[in-house]
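# Per-entry structural report
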Amino acid sequence: MLKKGDLYYPTKEFQKRAIISDPKIYQKALKDPIKFWEKLAKELFWFEKWKKAFEHQPPYFKWFLGGKINITTNIFEENKLGWKKIKNKPAIIWEPEPTGESSKILTYEELFKQVCKFANTLKSLGVKKGDTVGIYLPMIPEAIISMLACARIGAVHTVVFSAFSSQALKIRLQITEAKILITADGYYRRGKIINLKESADEAIKDTKVEKVIVVKRAGNQIPFDESRDFWYHQLIEKESDFCEAEKMDSEDLFFVLFTSGTTGVPKGCMHVCGGYTVQVYWTGKWIFDMHENDILWCTSDLGWITGHSYTCYSPLLNGITTLIFEGAPDWPTPDRWAQIIEKHKVTIFYTAPTAIRMFVKYGEEVIKNYKFETLRLLGSVGEPIDESTWLWYFKNVGKERCPIVDTWWQTETGGILITSLPGIGPFKPAHAGLPFPGIKIDILDEKGNSCKVGEKGNLVILPPFSPGMLRGTYKNPEKYKETYWSQYGDKIYFTSDGAFKDENGLIRIVGRVDDVIKVAGHRICTGELEAAVNLHEEITESAVVGVPDEIKGEVPMVFVVYKGKKRGEEVKNEVINLIRKQIGPIALPKEVYLVEDLPKTRSGKIMRRILKRLFTGEELGDLSTLANPESVENIKKVIGK
Ligand code: WT7
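All residue numbers refer to position in the chain's written sequence, counted from 1. Local features in a predicted model are, by the rule used here, given only for residues with pLDDT of at least 70; side-chain atom pairs are given and counted only at 80 or more, and totals for whole chains, interfaces and linings are based on all residues. Where side-chain values are given, they derive from all heavy atoms of the structure, hydrogens and water being excluded.

What counts as a helix is a DSSP run of H or I of at least four residues, what counts as a strand is a run of E of at least two, and both are numbered from the N terminus. When helices and strands are tallied, the protein chain shows 20 helices and 29 strands. As defined in this context, the radius of gyration uses C-alpha atoms, and a globule is described by 2.2 Å times the residue total to the power 0.38. What you see for the protein chain is a C-alpha radius of gyration of 24 Å, in line with the 26 Å of a compact globule of 641 residues. Structurally, the protein chain occupies a C-alpha span of about 75 × 65 × 55 Å along its principal axes. Across the 641 residues of the protein chain, 61% fall into the buried class. Pairs at least 24 apart in sequence give 72% of the contacts found in the protein chain among residues at least 6 apart. Summary of the burial criterion: residues with accessible area below 20% of their type's maximum are buried, those above 50% are exposed, and those between are partly exposed, where the area comes from a 1.4 Å probe applied to protein chains only. The contact definition used throughout considers only heavy atoms, calling two residues in contact when any of these lie within 4.5 Å.

With that settled, consider the domain arrangement of the protein chain. The start and end points of each domain follow an automatic or database-based domain assignment. For the protein chain, the assigned domains read domain 1 (2-495) and domain 2 (528-640). Between domain 1 and domain 2, the residue contacts involve 17 residues of the former and 13 residues of the latter. Whenever Lys or Arg places a side-chain nitrogen within 4 Å of a carboxyl oxygen from Asp or Glu, that contact is recorded as a salt bridge. For the pair domain 1 and domain 2, the number of links is 0 salt bridges. Pairs of N or O atoms are called polar contacts if they sit within 3.5 Å, as long as, within protein, a hydrogen donor faces a hydrogen acceptor (for residues adjacent in sequence, only side-chain-to-side-chain pairs). Where domain 1 packs against domain 2, one counts 7 residue pairs in polar contact (both at pLDDT 80 or more).

Further remarks concern the state of the cysteines. For the purposes of this analysis, a disulfide is any pair of cysteine sulfur atoms at a distance within 2.5 Å. Applying the stated criterion across every chain, the model contains 0 disulfides. Considering cysteine sulfurs only, cysteine 525 is the nearest to cysteine 269, which forms no disulfide, with 12 Å between them.

Moving on to the nonpolar core. Membership of the largest hydrophobic core comes to 188 residues, with the highest contact counts inside it found for Leu111, Leu148, Phe288, Tyr313 and Trp337. Of all the elements, helix α7 (residues 141-153) adds the most residues to this core, at 9 residues. Looking at this core, you find at least three residues from each of domain 1 (2-495) and domain 2 (528-640). Sequence-distant contacts of tryptophan 337, that is, excluding residues within four places in its chain, are made with Trp297, Pro329, Phe349, Phe359, Ile367, Phe372 and Val397. For this analysis, a nonpolar core means a set of buried residues of the types Ala, Val, Leu, Ile, Met, Phe, Trp, Tyr and Cys, connected via side-chain atoms within 4.5 Å. Core analysis: the next-biggest nonpolar cluster, separate from the first, contains 22 residues, Met557, Ile606, Leu614 and Leu623 among them.

With that settled, the discussion passes to the site of the ligand. Nearness of a residue to a molecule or strand requires only that one of the residue's heavy atoms be within 4 Å of it. Lining the immediate environment of the ligand, one finds 17 residues, of which Asp406, Thr407, Thr411, Asp497 and Arg523 sit closest. In the environment of the ligand, an oxygen atom lies 3.0 Å from a nitrogen or oxygen atom belonging to the side chain of glutamine 410. The separation between an oxygen atom of the ligand and a polar side-chain atom of threonine 411 is 2.5 Å. Per-residue accessibility takes into account occlusion by the displayed protein chains alone, with areas from the Shrake-Rupley method and a 1.4 Å probe. Relative to its free-state accessible area of 550 Å², the ligand is covered by the protein chains to the extent of 96%.

A few words now on the environment of tryptophan 63. Its place among the elements puts tryptophan 63 in strand β2 (residues 60-65). For tryptophan 63, a relative accessible area of 0% puts it in the buried group. Taking the C-alpha atoms as reference points, tryptophan 63 and glycine 275, 212 residues apart in sequence, are found 6.1 Å from one another. With residues near it in sequence (within four places) discarded, tryptophan 63 still touches Ile34, Trp37, Ala53, Phe54, Ser250, Glu251, Pro464, Ser466, Pro467 and Arg471.

Within the secondary structure, threonine 389 sits in helix α15 (residues 387-397). Setting aside residues up to four positions removed in sequence, threonine 389 forms contacts with Pro353, Ile356 and Arg357.

Another point: the side chain of asparagine 458. Mapped onto the fold, asparagine 458 is located in strand β22 (residues 457-462). Setting aside residues up to four positions removed in sequence, asparagine 458 forms contacts with Asp442, Ile443, Leu444, Glu446, Gln487, Tyr488, Phe494, Asp497 and Val513.

What follows is about the environment of valine 575. Residue position: valine 575 is located in helix α18 (residues 568-582). With a relative accessible area of 0%, valine 575 lands in the buried category. Sequence separation between valine 575 and alanine 532 is 43 residues, and the spatial gap between their C-alpha atoms is 8.4 Å. Look past the residues within four positions of valine 575 in its chain and what remains in contact with it is Val533, Ile539, Val558, Val560 and Val592.

This part is about the environment of isoleucine 135. Looking at the element boundaries, isoleucine 135 is found in strand β6 (residues 132-136). Each C-alpha atom, one on isoleucine 135 and one on isoleucine 213, is 9.5 Å from the other, the two residues being 78 residues apart in sequence. Residues contacting isoleucine 135, with those up to four places away along its chain left out, are Ser146, Met147, Cys150, His157, Thr158, Val159, Val160, Leu181 and Ile182.

Bringing the sheet that holds strand β5 (residues 104-107) into the picture now. Backbone hydrogen bonds hold the strands of a sheet together, and the pairing may be parallel or antiparallel. If you trace the 7 strands from one edge of the open sheet to the other, you get β5-β4-β17-β16-β18-β19-β20, paired in mixed fashion. Edge positions in the open sheet fall to β5 and β20 (404-407), since each of these has one partner strand only. Along the sheet, successive strands turn relative to each other by an average axial angle of 20°, direction set aside. Where strand β18 (residues 348-351) lies against strand β19 (residues 377-381), 4 bridges are found, and the strand directions are parallel. Pairing between strands is defined by DSSP: at least two bridges between them are needed. Helix axes use the C-alpha atoms of the stretch in contact, all axes being lines fitted to C-alpha atoms, and the angles between their N-to-C directions lie in the range 0 to 180 degrees.

The 4 strands lie next to each other as β21-β22-β23-β24, forming an open sheet whose pairing is antiparallel. This sheet does not close on itself; its edge strands, each paired only once, are β21 (440-444) and β24 (507-512). Sheet twist, expressed as the average angle between the axes of neighbouring strands with direction ignored, equals 45°.

For the structure shown, the criterion picks out 41 salt bridges. The residue lysine 68 makes a salt bridge to aspartate 249 at a minimum N-O spacing of 3.0 Å. Placement of lysine 68 in strand β3 (residues 68-69) and of aspartate 249 in strand β13 (residues 248-249) is noted, with a sequence separation of 181 residues between them. In the salt-bridge network here, residues are joined through shared partners; they are Lys197, Asp201, Arg228 and Asp229.

Structure (structure tokens):
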């Protein structure tokens, strides 16, 4: 039995079949990372080859300059496995939430036709190369079809997670100035129908959206404005099932995906056509060891980068089958996820620690009758996975047979950058592993010196970075410079993660060093929450901190300074509703505390660190430097500590 601190290597059998099993790949790649990526890029289909592989004008960089490519051509006509071979194979398996409803399969050929029909539809509605299209859809095949249709014609997609509030959608539509929004009538969540169209209608007020395309999913009653709204199924009916792919420049904008920002204004990460395609194709192939007959279930919603890269693009580029599931993994029974793995013969399962911790909580009893014989590889993403959760996953899901790839990356990096490769290993509980071949990573102290083994520092990425990394933050270049390129200068990308290396060079991610908290794997800025709370007219100040939680990893605790006359409960509900309205249910706090005052330095800075330590049990440190040390005693009373 594997224990904490042990190293695990793939079985001989796994190694023999693995796409990458020779550790020499690391030295080879690092000798000349640019050449290495060029060699990988050459294996894809380009309408025109690039003229220059890499260009660095700090803090900006480009890859494969002058190359012409389209990701959908690489998925369909020119798929590396050969069109004949994949044509009749399932590209998408869709599992709806209601157990009484049958799952749906789309073969590559069917998917291609649907994508073309919808691409032509978008064109008919006036969408051109470079236009932005908003996508606000549940986990249904049309979400993937919409993304690919945009990619086909060179429209820039901005996918917004369907559980985000209308306010959160609105701000994203405003920033991107999208003229078209693709949404659905509704979808199922824990047995209930969520009316998505209502949120969409609310969101598009005060935006440039002129047309709304509505997919009929749940058949629920929705508001429908004939002058602006169109049914998806009616639109595609009259369109041809072939659409020529737009020849995209390697550095043309491919998509914008927003991630939470400090002040309540989200940051739009800009990803480009060439580099992203190369990186997601190869990282997927090597890290998930994608073989022809694999069925991958990446549980991430398409609204996150994990969904973009490893639910949609990477498996399809590799010609394998991707499974998408509409509902919650523990609905209607706690073993729903296990049923799905067995029903659809999933071979690769990629999920988040928060989901695994939930499975742990339900207990082994729930899955004791599942053998998971088809599984051969497991993955984890989104937040640090602690040793005991790792070991539980390894034993109860992987049956001590499947390697676990603990993959570190970010919305910004586009694809996975740190993880052990499954055919090489070693896998060590709670450690992500080595940087992907060709990726230069370091861990630096505050002064910029490399940290020694075991010494905690800041994780950074060094030139030439990676082809799939962001090229900027949409309409906000200052944010780009300030967030990533100011800590250690404009040639070193600052990840905002703390990490250390063990004696084997395996990297362990400790967690964010900025004001981002990971709530059930979702990235939320405490500042963003504070901005939402501060909209309350009677709240003069607020502070949000993340505190450890058994299932969600971290949860927000909200402190508000309230001096009005309402009852405490009423104010708390108002705060919760503000967060729900501004962001969505993923950001809901565990608790809202009404306090007299917040601890501050003499210069007026709120000491969030102290608030956090009240929950973690750490030493509070020297309080005498505070302008108002008595505030801490008062807060202790309020929270009952
Ligand atoms: C942040 C990025 C990566 C796609 C999904 C999340 C944390 C991510 C790991 C991991 C420890 C991880 C980091 C990172 N994170 N993967 N394997 N181990 N922490 O993307 O929402 O942009 O969040 O997630 O803190 O900076 P994201």
